[in-house]
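Descriptive analysis of the structure
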Amino acid sequence: AMVGGLGRGLGGGPNLARHLHAALEKSVKRHFPTNGLINCMCHSTENIFNFGDSALARVSDDFYPTNNASHTVHLANVAYISMFMGEVVVPDWDMFHSLGDAGPLHAAARAVGGCPVYVSDSPGKHDFNLLRQLVFPSGKVLRAKLPGRPTRDSLYADACRDGVSSLKVWNRNEIGGVVGCFNIQGAAWSRKKGIFVFQYESAADVPSVVASVRPEDVEGMVTRDTDASSSQEFVIQAHRTRSLSLLRPGQRMPDLLLGPKEWEVYTVCEVLSARGVKWAPVALDQMLNGGGALESCSLTRAAHGVKEGAAEGKGGKGGGSKGVVGETLLYGCGALVCYSSVEPVEIEVDGARVRAKWRASDGNLVVPLGPREGTHAVVVRF
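Residues numbered from 1 in each chain as written. Predicted model: local features only at pLDDT ≥ 70, side-chain atom pairs only at ≥ 80, totals over all residues. Heavy atoms only, no water.

1. Observations regarding empty space enclosed by the protein
To locate leftover empty space, one rolls a probe as large as a water molecule over the atoms. If you walk through the whole model with that rule in mind, you get 3 cavities of 30 Å³ or more. Here the largest cavity is characterised by a volume of approximately 70 Å³. For the lining of the largest cavity, the class distribution of residues is 8 nonpolar, 2 polar and 2 charged. (1 Å grid on protein atoms, 1.4 Å probe; cavity = no way out; pocket = protein on both sides within 12 Å on 5 of 7 lines; lining within 4 Å. Points joined across faces, edges and corners; volume = space filled by probe spheres on them. Nonpolar A, V, L, I, M, F, W, Y, C, P; charged D, E, K, R; others polar.)

Rendered as structure tokens:
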């Protein structure tokens, strides 16, 4: 951050920054060949316009684990600053502590932020149940494809101080998208005092806020073609309640009441349709950004009806021999949550038949993948 001020007599700040970043990146290439470089305190243009081989840059103030007033403001900072910085760099949303009342709030934000995930927990002080919703046993994470940015209805709202607005952050995955909803009311940066300050005398006084999600919150999910969008249908899964809802463009989820530091993450997927069957792979179960596990999906008419060996004509409740096949490729372990309007006749995971659980009330279909972390091919026959 001081480079600009130190450039006098050395060709000016931009010239000094150009040489400094070239030397820094050369050193990182030599000593950290995976390019493990996070640019920090670097938001001046003489810095960001001189990143050559490094793309990652922090978009927040420091993480202050013991400053309770800073945690909610941190989320506002990273989401709104990513609007600008995300066009130039890969935004880094900084570390967090998994333990404590702000741990889940930070974790949910990292899940939709499209950013690296890392914690600075003290040894022995971890919330492993929370971390398992972000990180696989191998250490891999389901990182969304874009920088997390506020939804359109959050752009001009003061989500920290107006007492009524939630912060909504959207992102895209390879298949579908994700929206995080957060109550970050109650604290802000004080220009007068130069510190983060609470707006209320007691945490119990911080107001609850209402959040509502719609398919349009994920930019690009709903087609701009009016005729085409009229036939689109989306399934939205709430992470915490595990519920599935079907929505068309223009429709909204029921209002969600969020208390102080409460949050919810919604996975949004377009429903596929063939021969009266509606189906969509939604998300890897128990993962905050479970939709990030999906690599491809399709729903097609089978050339010869049900595959040989299937229970032809003996589909489950509401289902039958439709001659339709759904296929998806995904990475992970555990279980895959799908939406299915009818009960499948047969399901295979990596070529082996499995028993899945289907719930007729909302079309929830849970397919077991097993404990092996890796790429899985799922075939669902109707």
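2. Let's talk about the environment of Pro 368
Structurally, the position occupied by Pro 368 is in strand E20 (residues 364–381). Under the relative-accessibility criterion, Pro 368 is labelled partly exposed at 32%. Once the C-alpha coordinates of Pro 368 and Asp 285 are considered, the two residues, 83 residues apart in sequence, prove to be 9.6 Å apart. Sequence-distant contacts of Pro 368, defined by excluding residues within four places in its chain, comprise Gly 334, Ala 335, Val 349, Val 354, Arg 355 and Ala 356. (Helix = DSSP H or I, 4+ residues; strand = E, 2+ residues; numbered from the N terminus. Buried < 20%, exposed > 50% of the residue type's maximum accessible area, 1.4 Å probe, protein only. Contact = heavy atoms within 4.5 Å.)

3. Describing the pattern of salt bridges
Applying the stated criterion across every chain yields a total of 18 salt bridges. Residue Lys 29 pairs with Asp 53 through a salt bridge whose shortest N-O separation is 3.1 Å. With Lys 29 in helix H1 (residues 13–31) and Asp 53 in the loop between helix H2 (45–48) and strand E1 (56–58), this residue pair connects regions lying 24 residues apart in the sequence. Under the relative-accessibility criterion, Asp 53 is labelled partly exposed at 42%. A salt bridge links Arg 161 to Asp 158, with the nearest nitrogen and oxygen atoms 3.1 Å apart. Taken together, the salt bridges that share partners define one network made up of Asp 153, Lys 168, Arg 214 and Asp 217. (Salt bridge = Lys/Arg side-chain N within 4 Å of Asp/Glu carboxyl O.)

4. With respect to the sheet that holds strand E5 (residues 177–182)
Pairing in this open sheet of 6 strands is antiparallel, and the strands run E3-E4-E5-E12-E9-E10 from one edge to the other. Two strands in the sheet have a free side with no partner beyond their single neighbour: strand E3 (149–150) and strand E10 (244–247). Strand direction decides the pairing type here: E3 and strand E4 (residues 167–172), joined by 2 bridges, are antiparallel. Looking across to E4, one finds that Pro 150 is bridged to Val 169. Lying on the sheet, helix H4 (residues 103–113) is in contact with E4, E5 and strand E12 (263–270); it crosses E5 at an angle near 150 degrees. (Pairing = 2+ DSSP bridges. Axes fitted to C-alpha atoms, helices over the stretch in contact; angles between N-to-C directions.)

5. Side note on the layout of surface pockets
Approximately 400 Å³ is the volume attributed to the largest pocket. For the largest pocket, the lining is made up of 21 residues, of which Asp 61, Val 73, Ala 76, Asn 77 and Ile 81 are closest to its centre. Ranked by residues supplied to the lining of the largest pocket, first place goes to helix H3 (residues 70–85) with 5 residues. Classifying every residue of the lining of the largest pocket by side-chain character gives 14 nonpolar, 4 polar and 3 charged.

6. Things to note about H4
In an α-helix there are 3.6 residues to a turn, and that puts residues three or four apart on one side. Summarising burial for H4: 10 of the 11 residues are buried, a large majority. Restricting attention to buried positions, one finds in H4 the residues Gly 103, Leu 105, His 106, Ala 107, Ala 108, Ala 109, Arg 110, Ala 111, Val 112 and Gly 113. Looking at the buried residues of H4, the elements they touch are H3, helix H5 (128–131), E4, E5 and E12. Positive backbone phi, approximately 65 degrees, marks Gly 114, located one or two places after H4.

7. Some remarks on the side chain of Ser 212
Within the fold, Ser 212 resides in the loop between strand E8 (209–211) and helix H6 (226–229). What makes Ser 212 buried here is its relative accessible area of 10%. Among all residues touching Ser 212, those that are not within four sequence positions of it are Lys 168, Asp 217, Arg 252, Met 253 and Asp 255.

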